[in-house]
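Observations on the three-dimensional arrangement
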2 protein chains.
Amino acid sequence: MNAEILCIGTELLLGNIVNTNAAYLSEQLARLGINVYHHTVVGDNAQRLQEALQIAVNRADLVIMTGGLGPTYDDLSKETVSKYFNRQMVLHQPSFEKLQEFYALRGVKMQPNNEKQAYQPEGAVVFTNHSGTAPGIAIEEGDKIAIMLPGPPRELKLMFESEVLPYLQKFSDHIIVSRDLRLFGIGESQVETMLRDIMTGSSNPTLAPYAKEGEVMLRITASAPTEAEGYAMMQPMMEQIQPVIEPYLYGVDVPDLQTALVNYLLEHNITVATAESCTGGLISKSITDVAGCSSVYPGGVCSYSNEMKMKWLDVKKETLDAYGAVSEQTALEMAQGIRNATGADFGLSTTGIAGPGGGSEEKPVGLVYMAVAGENYQQVKKVIIRYGEQTSREMIRQRSAKHALHLLLQAVKTKE
Amino acid sequence: MNAEILCIGTELLLGNIVNTNAAYLSEQLARLGINVYHHTVVGDNAQRLQEALQIAVNRADLVIMTGGLGPTYDDLSKETVSKYFNRQMVLHQPSFEKLQEFYALRGVKMQPNNEKQAYQPEGAVVFTNHSGTAPGIAIEEGDKIAIMLPGPPRELKLMFESEVLPYLQKFSDHIIVSRDLRLFGIGESQVETMLRDIMTGSSNPTLAPYAKEGEVMLRITASAPTEAEGYAMMQPMMEQIQPVIEPYLYGVDVPDLQTALVNYLLEHNITVATAESCTGGLISKSITDVAGCSSVYPGGVCSYSNEMKMKWLDVKKETLDAYGAVSEQTALEMAQGIRNATGADFGLSTTGIAGPGGGSEEKPVGLVYMAVAGENYQQVKKVIIRYGEQTSREMIRQRSAKHALHLLLQAVKTKE
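Residues numbered from 1 in each chain as written. Chains lettered and ligands numbered in written order. Predicted model: local features only at pLDDT ≥ 70, side-chain atom pairs only at ≥ 80, totals over all residues.

For chain A, the helix and strand inventory stands at 15 helices and 17 strands. For a compact globule of 416 residues, the expected C-alpha radius of gyration is about 22 Å, and chain A comes in at 28 Å, more than 25% above that figure. Seen through its principal axes, chain A has C-alpha atoms that stretch 85 × 55 × 45 Å. Within the span of chain A, comprising 416 residues, buried residues form 47% of the whole. For chain A, contacts bridging at least 24 residues in sequence account for 65% of all contacts bridging at least 6. (Helix = DSSP H or I, 4+ residues; strand = E, 2+ residues; numbered from the N terminus. Rg over C-alpha atoms; globule rule 2.2 N^0.38 Å. Buried ≥ 20, exposed ≤ 12 C-beta atoms within 10 Å, placed from the backbone. Contact = placed C-beta atoms within 7 Å.)

Okay, the environment of Leu408(B) next. Residue and element names in this part refer to chain B. Summarising the element assignment, leucine 408 is placed in helix 15 (residues 393-414). The exposure class assigned to leucine 408 is buried, which follows from the 28 C-beta atoms found within 10 Å. It is 23 Å that separates the C-alpha atoms of leucine 408 and threonine 319, two residues lying 89 residues apart in sequence. Aside from chain neighbours lying at most four places away, what touches leucine 408 is Leu261, Val272, Phe346, Leu348 and Val372.

Residue and element names in this part refer to chain A. Taken domain by domain, chain A holds domain 1 (2-169), domain 2 (175-252) and domain 3 (257-414). Contact with domain 2, which involves 6 residues of that partner, is made by 7 residues of domain 3. Split into classes, the residues belonging to the side of domain 2 that touches domain 3 amount to 2 nonpolar, 3 polar and 1 charged. (Domains from an automatic or database assignment. Nonpolar A, V, L, I, M, F, W, Y, C, P; charged D, E, K, R; others polar.)

Now for the sheet that holds strand 12 (residues 249-252) of chain A. Note on sheets: strands pair through backbone hydrogen bonds, and any given pair is parallel or antiparallel. Residues and elements named next belong to chain A. Read from one edge of the open sheet, 4 strands run 10-11-9-12, paired in antiparallel fashion. In this open sheet, the two strands that pair with only one neighbour each are strand 10 (206-212) and strand 12. On average, each strand axis in the sheet is inclined to that of its neighbour by 25°, with strand direction left out of account. With 10 bridges connecting them, strand 9 (residues 175-184) and strand 11 (residues 215-224) associate as antiparallel partners. Counterpart to leucine 183 in the pairing with strand 11 is valine 216. Its contacts with the sheet put helix 8 (residues 188-201) on strand 9, strand 10 and strand 11, and the angle it makes with strand 10 is roughly 175°. (Pairing = 2+ DSSP bridges. Axes fitted to C-alpha atoms, helices over the stretch in contact; angles between N-to-C directions.)

This paragraph deals with the interface of chain B and chain A. Contacts between the two partners involve 62 residues from chain B, matched on the other side by 62 residues from chain A. Looking at side-chain class alone, the side of chain B that touches chain A contains 28 nonpolar, 26 polar and 8 charged residues. Pairing analysis gives 5 bridges linking strand 2 (residues 35-42) of chain A to strand 2 (residues 35-42) of chain B, with the strands arranged antiparallel. Bridge pairing in strand 2 of chain B places His39(A) opposite Val41(B).

So, about the nonpolar core. Ranked by internal contacts, the top residues of the largest apolar core, which has 221 residues, are Leu408(A) and Leu408(B). The element best represented in this core is helix 15 (residues 393-414) of chain A, accounting for 9 residues. (Core = buried A, V, L, I, M, F, W, Y, C linked by C-beta atoms within 7 Å.)

Another point: unusual backbone geometry. Between Asn204(A) and the following residue, Pro205(A), the backbone shows a cis peptide bond with an omega angle of 5°. Locating Pro205(A) in the fold gives a position in the loop between helix 8 and strand 10. For the peptide bond that leads from Gly355(B) to Pro356(B), omega is 0°, which places it in the cis range. Located in the positive-phi region is Asp253(A), a residue other than glycine, with phi close to 55°. The exposed category is assigned to Asp253(A), around which 9 C-beta atoms lie within 10 Å. Positive phi, normally seen in glycine, also occurs at Asn269(B), with a value near 55°.

It is worth spelling out the sheet that holds strand 6 (residues 125-127) of chain A at this point. Here we have 12 strands laid out as an open sheet, ordered 6(A)-7(A)-8(A)-3(A)-1(A)-2(A)-2(B)-1(B)-3(B)-8(B)-7(B)-6(B), and mixed in their pairing. Lying at the two open borders of the sheet, with one neighbouring strand each, are strand 6 of chain A together with strand 6 (125-127) of chain B. Strand-to-strand twist of the sheet, defined as the mean angle between neighbouring strand axes without regard to direction, takes the value 15°. As paired strands, strand 7 (residues 136-141) of chain A and strand 8 (residues 144-149) of chain A are joined by 5 bridges and run antiparallel to one another. Its bridge partner lying in strand 8 of chain A, Glu141(A) is registered against Lys144(A). Most of the contacts of helix 4 (residues 77-84) of chain B go to strand 8 (residues 144-149) of chain B, to which it runs at about 165°, and overall it touches strand 1 (2-8), strand 3 (62-66) and strand 8 of chain B.

Residue and element names in this part refer to chain A. Buried residues dominate strand 3 (residues 62-66), accounting for 5 of its 5 residues. Judged by which residues are buried, strand 3 turns out to be covered on both faces: Leu62, Ile64 and Thr66 on one side and Val63 and Met65 on the other are all buried. The pairing of strand 1 (residues 2-8) with strand 3 spans 5 bridges and is classified as parallel. Considered in strand 3, the bridge of isoleucine 5 is made with isoleucine 64.

All names here are of chain B. Taking 1.5 Å as the rise per residue, helix 9 (residues 227-245) with 19 residues should run 27 Å; its terminal C-alpha atoms sit 25 Å apart, in good agreement. Inspection of helix 9 places Gly230, Met234 and Ile241 among the buried residues, and these make up the whole buried set. On the buried face of helix 9, the contacting elements are strand 9 (175-184), helix 8 (188-201) and strand 11 (215-224). (Expected span 1.5 Å × (residues − 1).)

Let us now look at helix 7 (residues 153-169) of chain A. Residue and element names in this part refer to chain A. In the structure, helix 7 departs most strongly from a straight axis at phenylalanine 160, where the bend amounts to approximately 50°. Taken together, the buried positions of helix 7 are occupied by Glu155, Leu156, Met159, Phe160, Glu163, Val164 and Leu168. In this structure, the buried side of helix 7 is in contact with helix 2 (20-31), strand 3, strand 6, strand 7 and strand 8. (Bend = angle between axes of the 7 residues up to and from the residue.)

A few words now on the confidence of the model for chain A. Here chain A averages 92 in pLDDT, while 98% of its residues score no lower than 70. Across the interface, the model reports ipTM at 0.77; the global pTM reads 0.78. (pLDDT = per-residue confidence, 0-100.)

Okay, here's the thing in structure tokens:
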């Protein structure tokens, strides 16, 4: 079965809102093993909606529409779709009673335009709206199915999960499962060069690379009758590729570096602290994004000025004078300093030039030093982050935070 | 002129990523006075792309495509589109040289699949990619224009603003200028109630509210032959609405609270420092997002544990024992403590419960205290951030950081 998602709403075409409904529905349908081949968005315009519906019905077995089910004059989806399928609009008594109850509960008089929401195309399956007034519907016509859902994401999700999912399950005989391998320190085309034969030579499971900001995600996807069979099908491929990507692999099925790090720290009862200059709190923010980090992260400092580097981290004035704030030596003293100040097992530091100003020939914008200090352990790394003429401050900071988190993750793993 | 946005990428159809490119391009085209009537998404599949392109070219004057310009085997957009328009792929020397330079800078060997990015359809306008390797292109064919842009949002935006916008402007005989008024501490519907008559009664310039994460942006937009005329047309409306929204207005044509704050600090030579608990470095990160902040921001601490609150900020043990870490008293001592530690004119602090765990009946998840301390000045604010069942840790942290930045901005303004 293949599907098209057809979202209706002028606010999408004006860019006022982002189409999260299409992403949500796509993910849900993938899990059901239903292939989504197209997303389409049209405005609140009957003619263009009808034309788009025509195209969608021609190329998809299942068309899921969202939006335009409200009570106002520009909500015309249901009428347009009914007309397309030659269905009369008839009063749906349970919907009418639910509307009456909805307004009675709120002590609001029901307006005539609200009644419109109780009329449904003849013969349609009606989906209850548990958090709003617009019911959803499914129309089955020959071997095609058209489903209409409300636009507000909260209403859509609740309806999809409680009503539409059980309705669709009967059309599917297999499910899709996937595993995500997260890599750092390697580019997408390099990954592809290493794994090209597997990527092009496999159909179930499949292997595909995705470039993420400064990272690569490898996704293995299998289609199988059950989840357990899907995972079993992926196992040989996992074993085949893991040795190849080992040096870059930081986690499987984790959302990001900071989660991989905090999970590892929690499992092994290791504490860390941070001393940031150019990243200015971004690393601290990233670590504390992860709920439950407080038992492994006492805190950190953003020592933006040299004074604070000396005061909080005991960086020596002579070091700053001799090598400058952006140097290997300062980075190391910062990492040791934060470790001493907090009593954490490991200290992590960054110091660099995020720009756009402040660069020189010797120390260009994008130059960042990061260091890790532990008991009988120290490591310092230099990176130059430069991706074309307009490398932004934000990017330099984001990338160097990732480099630093990765350096720390590698360091804590050496403790084993 | 009407346009269609055609995004190419299987990861969109799998729901792995949300289509922010379509929203961004829609907003940009609206400003140019170009109507967007359709968004379409197809996967990395040559046949379906060709069919979707056929439909798009039939119903739109301008088709903007995104994605599929990468170096890997599944990046097939450019070849498919060239074939559709019967153009040969030819080596584009400037693109080739830029690629060579890109890889040389990184000391990475250029792979054969990278060379493919230097081939462009014959006769195409080539747009330079300032932050990646894939150039963009425009093909003009009869009265139709097809534009292809890279998929990564950062590359797309930079290319659109620096290269595509000037290219498209020549097809428009008027320009759209706008001014953005940024409000904090008021909801969108409340703004609409106050300004409804102006919003519904104006056509050029127009006034429209946009809800942004915890903020409202009011945008005045004028269409005029020149920029100067556009700005002149907006002036009377600016003067009419400014007194109404004055208590909430924190800046005009500034991107965010932290920029408004840092600009004010730089203009008035005031220094600030931060002491964060629940926001964990997010405020420090936000302030240091703004280039040039170093002369007004010596630094800050993330005092996540009570020990670090006492050590770095001189928060009294008795205060923590009597009132707890999440309290008005602790927030005030933190703000005073960071001011003393850094010698900054103002200290800002946050302490709260970001969740999902750690809440109680008395101190629920979402409770955040923030305080500002200055010379003969102190202010403390309590907020409870709760937006229904699905309030996330991230949202609590983001919102409380904004409240804190706003509190600090108001405080520094009282110094005048």
